[in-house]
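The residues making up each chain are set out below.
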Amino acid sequence: MGQYDAKSIELLEGLEHVRIRPGMYIGSTGPMGLHHLVWEIVDNSIDEALAGFATHIEVEVLPDDVISVTDNGRGMPVDIHPKTGRPAVEAIFTVLNAGGKFNNNTYKTSGGLHGVGASVVNALSEWLKVKIFRNGKIYEEEYHRGKVVGDLKEYGESDHTGSCVTFKADHEIFKEGTEYNFETLRNRIQQLAFLNKGLKMTIRDKRVEPMVEHVYQYEGGLVEYINYLNEGKELTNQTVIYCDKEVDNITIEIAMQYNTNYTTNIYSFTNNIKTTEGGMHEDGFKLALTRVIGNYAKSHDMLKKDEQLTGDDMREGLTAIVSIKHPTPQFEGQTKTKLGNVEVRSIVSQTFGDVLEEFLQENPAEAKAIVDKCILAANARVAARKAKEATRRKSPLDSLGFASKLADCRSKDPAKSELYIVEGDSAGGSAKDGRESEYQAILPLRGKVLNVQKARLDKALANKEILSLIQAIGAGIGDDFDISKARYHKVVIMTDADVDGDHICILLLTFFYRYMPKLIDAGYIYVAKPPLYKAEYGKTVKYCYSDQELENYKIEQQGHKLAIQRYKGLGEMDAEQLWETTMDPSVRTLTQVQLDDAILADKMFEMLMGDEVEPRKKFIQDNAQYASNIDI
Ligand code: 28G
């Protein structure tokens with residue numbers, strides 16, 4: 001057995017293992033893992049861009065969910081390895097962690113699921129083709145389930161350089177299916193364009209006629225990201241505060257701007273990877289913010305006696321992106337999304353602190369607006385604490401003491417218990433009569449729920465509907481929220497199937513998102529789907545949940561004269577009908593609410609709930625498909 005044969009068997013075993021335990025390499029074989037294949041390949045193109053060679057990356061979803069990624073970099077090397085006699089490109093696709101991932105390549109991650117390499121994508125693809133433009137020629141090689149098919153072909157002439165990878169995910173591996181969600185791909189591609197200033201990113205969906213195309217290129221980098229995130233919000237400082245520096249081989253790019261809302265949105269990234277758990281870069285940023293604004297307020301005598309600004313006060317209404325690029329990042333934490341490199345904290349704090357200080361000195365009007373806002377937040381914090389203490393004394397937050405309209409279930413087992421939040425007293429009545437009272441609790445809500453996007457916690461706590469909601473769930477609110485105390489593992493929002501019902505549903509989702517996000521993360525929040533129509537002939541009753549379903553039923557039942565009733569609201573159904581259409585676990589449709597992208601979710605809630613009508617209209621018109629991100 002020659003050296004090459006021995007080596008190739010070893011390599012094969014590597015990729016064989018990827019197919020046996022795909023979860024170890026891509027996390028799961030569900031939708032997340034499927035999309036991960038795209039990010040692995042795009043990642044390599046981004047590296048070629050960061051190395052200073054590629055300027056344009058194109059991603060296409062082709063019919064049959066084939067993915068094609070193209071960059072205009074140098075083209076993968078094709079020179080023949082003197083020992084193996086095989087072209088260099090082959091190693092990229094057949095050697096686990098090839099391509100310098102763990103050694104010379106400066107901007108590669110070293111842990112978790114990031115940067116596992118093109119070979120993993122190859123191993124998990126039914127087929128993969130790579131096309132290389134280099135040396136004035138075009139090269140092509142093909143693989144089936146990780147194994148090379150034939151030799152590298154060389155043909156034609158071209159003065160272009162670059163790489164193109166086309167692959168079809170293997171249905172034997174991705175048993176849940178190989179269908180890509182275009183919105184998921186588009187969102188991340190746009191994010192990568194924001195995070196990599198100047199890089200042109202194109203994404204196309206060619207599964208549809210006519211094809212859909214988006215081209216992103218942001219010369220302003222994170223400044224444009226902040227403008228995008230704060231779109232439609234009323235601004236406190238008009239100018240985005242921006243830092244783009246390199247210190248000790250670490251690139252530090254930070255942008256921030258305040259808006260008049262009360263929520264804080266700080267997003268951090270390391271080497272384009274979202275660091276959801278934060279880490280040293282985020283800590284360094286917060287340190288600088290607290291120190292510099294605190295010093296400015298003090299040195300300009302802007303604080304009254306007894307007024308004190310905390311870090312939280314200085315982050316209220318803040319939108320910020322902290323993006324660093326580090327040659328040897330250490331990812332820590334439960335999900336390996338926390339940056340652990342200690343030196344980064346002081347480097348970021350110092351570097352960004354200088355930029356922020358200079359901004360405040362040079363822009364006194366904006367500096368004053370920012371400090372005034374922080375002072376308002378500090379005063380509100382004191383007021384909220386008093387309000388919370390007052391409500392605690394009455395103890396509605398942790399006991400079922402006061403006059404709640406909750407009709408509780410008999411079961412005390414949260415895993416078996418369901419809370420139905422029902423729009424209106426009349427539907428609430430039907431739901432109470434129709435429910436299975438052993439495990440179904442009913443909480444009727446009257447009228448509109450407070451819009452918490454526009455209210456601080458103290459105001460939310462003064463709202464009766466919100467109080468009874470907090471009280472019914474029994475797990476507290478905000479920082480005090482304790483999921484283990486949740487009295488129901490299913491919280492079902494049941495509103496009318498009309499515009500008002502949708503609005504109430506979104507208000508409730510906003511509330512859960514702002515104050516009980518763990519309930520959403522845990523998968524406890526559901527939206528019920530009531531029927532739109534009842535179609536009857538004789539004694540036969542059929543409920544239809546969409547116009548399409550009704551049309552199909554009409555065609556199916558052509559011989560019969562159907563009596564069709566359109567439900568304008570839940571209140572039109574009697575107890576029995578409500579049970580058999582919307583509450584009976586054996587027939588009902590419940591949609592679990594999932595928010596996998598916090599950045600998108602925030603923007604969406606702002607659009608849906610904000611003061612300004614125009615961006616909301618535009619958002620809904622432009623992006624009907626964005627709704628897939630809240631899955632309702
Ligand atoms: C189209 C989809 C994905 C890539 C390149 C370019 C080079 C390369 C890729 O080299 C071996 C390891 C680290 C240097 C490098 C070309 C140097 C000279 C490259 C991609 C050698 C891999 N000429 N473009 N790999 N490196 N694009 N796009 O994968 O030390 S991968």
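Predicted, not measured: the structure shown is a model, and the values here were computed from it.

1. Let's talk about the site of the ligand
- The ligand sits among 16 residues. The nearest are S45, V69, D71, R74 and R134.
- A distance of 2.9 Å separates a nitrogen atom of the ligand from a polar side-chain atom of S45.
- Residue R134 places a side-chain N or O atom 2.9 Å away from a nitrogen atom belonging to the ligand.
- In the complex, the protein chains occlude 75% of the 640 Å² of accessible area that the ligand would expose alone.
- Counting only elements with at least two residues in the shell around the ligand, the list comes to α3 (31–50), β2 (66–71) and β6 (162–169).
- Ranked by residue count, the leading element in the shell around the ligand is α3, at four residues.
- A per-class count over the shell around the ligand returns seven nonpolar, five polar and four charged.

2. A word on the sheet that holds strand β13 (residues 318–325)
- Overall, mixed pairing links the five strands, which are arranged β9-β10-β13-β11-β12 in an open sheet. The outermost strands of the open sheet, each flanked by one partner alone, are β9 (241–247) and β12 (273–274).
- Each of β10 (250–258), β11 (265–270) and β13 touches helix α8 (residues 280–299); the most contacted strand, β11, lies at about 135° to it.
- Across the face of the sheet, helix α10 (residues 343–362) comes into contact with β9, β10 and β13 while running at roughly 135° to β9.

3. Brief notes about the pairing of strand β3 (residues 125–134)
- When β3 meets β6, the two strands line up antiparallel, connected through eight bridges. Counterpart to K131 in the pairing with β6 is C164.
- By the bridge criterion, eight bridges tie β3 to strand β4 (residues 137–144) in an arrangement that is antiparallel. Across the sheet, residue K129 finds its bridge partner in β4, namely E142.
- Hairpin remark: β3 followed by β4, antiparallel, with two residues in the connecting loop; positive phi at N135, about 55°.

4. Side note on the confidence of the model for the protein
- For the protein, the average pLDDT comes to 88, and 88% of its residues sit at 70 or higher.
- When the criterion is pLDDT under 50, residues 395–403 qualifies, and its contacts beyond four places in sequence or with other chains add up to 17 contacts.
- For the stretch residues 623–632, pLDDT sits under 50, and the model shows 27 contacts to residues farther than four places along the chain or on other chains.

5. Looking at the pairing of β13
- Of all eight residues in β13, eight are buried, a share of seventy percent or more.
- Side-chain alternation along β13 places L318, A320, V322 and I324 on one buried face and T319, I321, S323 and K325 on a second face that is also buried.
- Across eight bridges, the pairing between β10 and β13 is antiparallel. The residue bridging I252 from the neighbouring strand is I324, located in β13.

Parameters and conventions
- Residue positions within a chain follow its written sequence, with the count starting from 1.
- Thresholds applied to this predicted model are a pLDDT of at least 70 for local features of residues and 80 or more for the giving and counting of side-chain atom pairs; totals over whole chains, interfaces and linings are not thresholded and use all residues.
- Note that water and hydrogens are dropped before the side-chain values are worked out from all heavy atoms of the structure.
- The near set for a molecule or strand comprises every residue that places at least one heavy atom within 4 Å of it.
- What qualifies as a polar contact is a pair of N or O atoms within 3.5 Å, subject to a donor-acceptor requirement within protein and to the restriction that residues adjacent in sequence count only when both atoms come from side chains.
- Each accessible area value is a Shrake-Rupley result obtained with a 1.4 Å probe; residue values ignore everything except the protein chains displayed when judging cover.
- Starting at the N terminus, helices and strands are each numbered in turn, a helix being any DSSP run of H or I of at least four residues and a strand any DSSP run of E of at least two.
- Asp, Glu, Lys and Arg are counted as charged, while Ala, Val, Leu, Ile, Met, Phe, Trp, Tyr, Cys and Pro are counted as nonpolar; the rest, among them Gly, fall into the polar class.
- Strands were regarded as paired on the criterion that DSSP finds at least two bridges between them.
- Residues count as neighbours in contact if any of their non-hydrogen atoms are within 4.5 Å of one another.
- A fitted line through C-alpha atoms represents every axis, and for helices the fit uses only the stretch in contact; the resulting angles, taken between N-to-C directions, go from 0 to 180 degrees.
- Values of pLDDT, the confidence the predictor places in each residue, fall between 0 and 100.
- Accessible area is worked out with a 1.4 Å probe on protein chains only. A residue is then buried under 20% of its type maximum, exposed over 50%, and partly exposed in between.

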